[in-house]
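The residues making up each chain are set out below.
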Amino acid sequence: IFKIYKIKEKTLLKKLIKLQKILSINTFVIKKGSKGCSIFQNKRVISATVDKEKKQSINTIGAGDYFLSAFVLNRNKNNLQRIKFSNNYAYSKIIGKSKVKTF
């Protein structure tokens, strides 16, 4: 996306600040696959990883949908809590061992 908008800043933080100005978006959620995700807001980045039981080959189809639904439904929590919960919820759903029954 940085290439599309011709953003050439050197650090990720500076790139996100520039992209935020261009798109007029207050918050970015950046999914990083098995490495978890980050949220960019107020010129800072907060990251969270998934609490994995052990390394295994998994089918990640639907993980983004699970993540997004948990993230949106938990808007009353702070952003770090939201991304941690959403990551873990999506992971538990795709491995078929959902420990989370409700939001």
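See above for the structure.
Residues numbered from 1 in each chain as written. Predicted model: local features only at pLDDT ≥ 70, side-chain atom pairs only at ≥ 80, totals over all residues. Heavy atoms only, no water.

### Focus: the sheet that holds strand β3 (residues 44-48)
Then comes step 1: Taking strand neighbours across the sheet as the criterion, the three strands line up as β1-β2-β3 in an open arrangement whose pairing is antiparallel. Taken across any chain shown, the strands that pair with only one partner, and hence form the sheet edges, are β1 (27-31) and β3. Along the sheet, successive strands turn relative to each other by an average axial angle of 20 degrees, direction set aside.
Then comes step 2: As judged from the five bridges shared by β1 and strand β2 (residues 37-41), these two strands associate in the antiparallel manner. When the sheet's bridge partners are listed, F28 is paired in β2 with F40.
Then comes step 3: Lying over the sheet, helix α1 (residues 12-23) contacts β1, β2 and β3, oriented at roughly 130 degrees with respect to β1. (Pairing = 2+ DSSP bridges. Helix = DSSP H or I, 4+ residues; strand = E, 2+ residues; numbered from the N terminus. Axes fitted to C-alpha atoms, helices over the stretch in contact; angles between N-to-C directions. Contact = heavy atoms within 4.5 Å.)

### Brief notes about the nonpolar core
Then comes step 1: Judged by nonpolar contacts, C37, I39, I46, A48, F67, F71, I83 and A90 together constitute the single largest core of eight residues.
Then comes step 2: Those elements that provide at least two residues to this core are β2, β3, α2 (63-73) and α3 (79-94).
Then comes step 3: Ignoring sequence-local partners within four residues, the contact set of C37 consists of I30, K31, K32, I46, S47, A48, F67, I83 and N87. (Core = buried A, V, L, I, M, F, W, Y, C linked by side-chain atoms within 4.5 Å. Buried < 20%, exposed > 50% of the residue type's maximum accessible area, 1.4 Å probe, protein only.)

### Focus: the packing of aromatic side chains
Then comes step 1: Counted by the stated rule, this structure contains four aromatic pairs.
Then comes step 2: Geometrically, the ring pair formed by F85 and Y89 is stacked, given 6.1 Å between the ring centres and 5 degrees between the ring planes. You can see F85 and its partner Y89 sitting in helix α3, four residues apart, about one turn around the helix.
Then comes step 3: Ring pairs connect the aromatic residues Y66, F85 and Y89, which therefore count as one cluster.
Then comes step 4: The positively charged end of K31 is found above the aromatic ring belonging to F67, 4.5 Å away from the centroid. (Phe/Tyr/Trp six-rings, centres within 6.5 Å; stacked < 30°, edge-to-face > 60°. Lys NZ or Arg CZ within 6 Å of the ring centre and 35° of its normal.)

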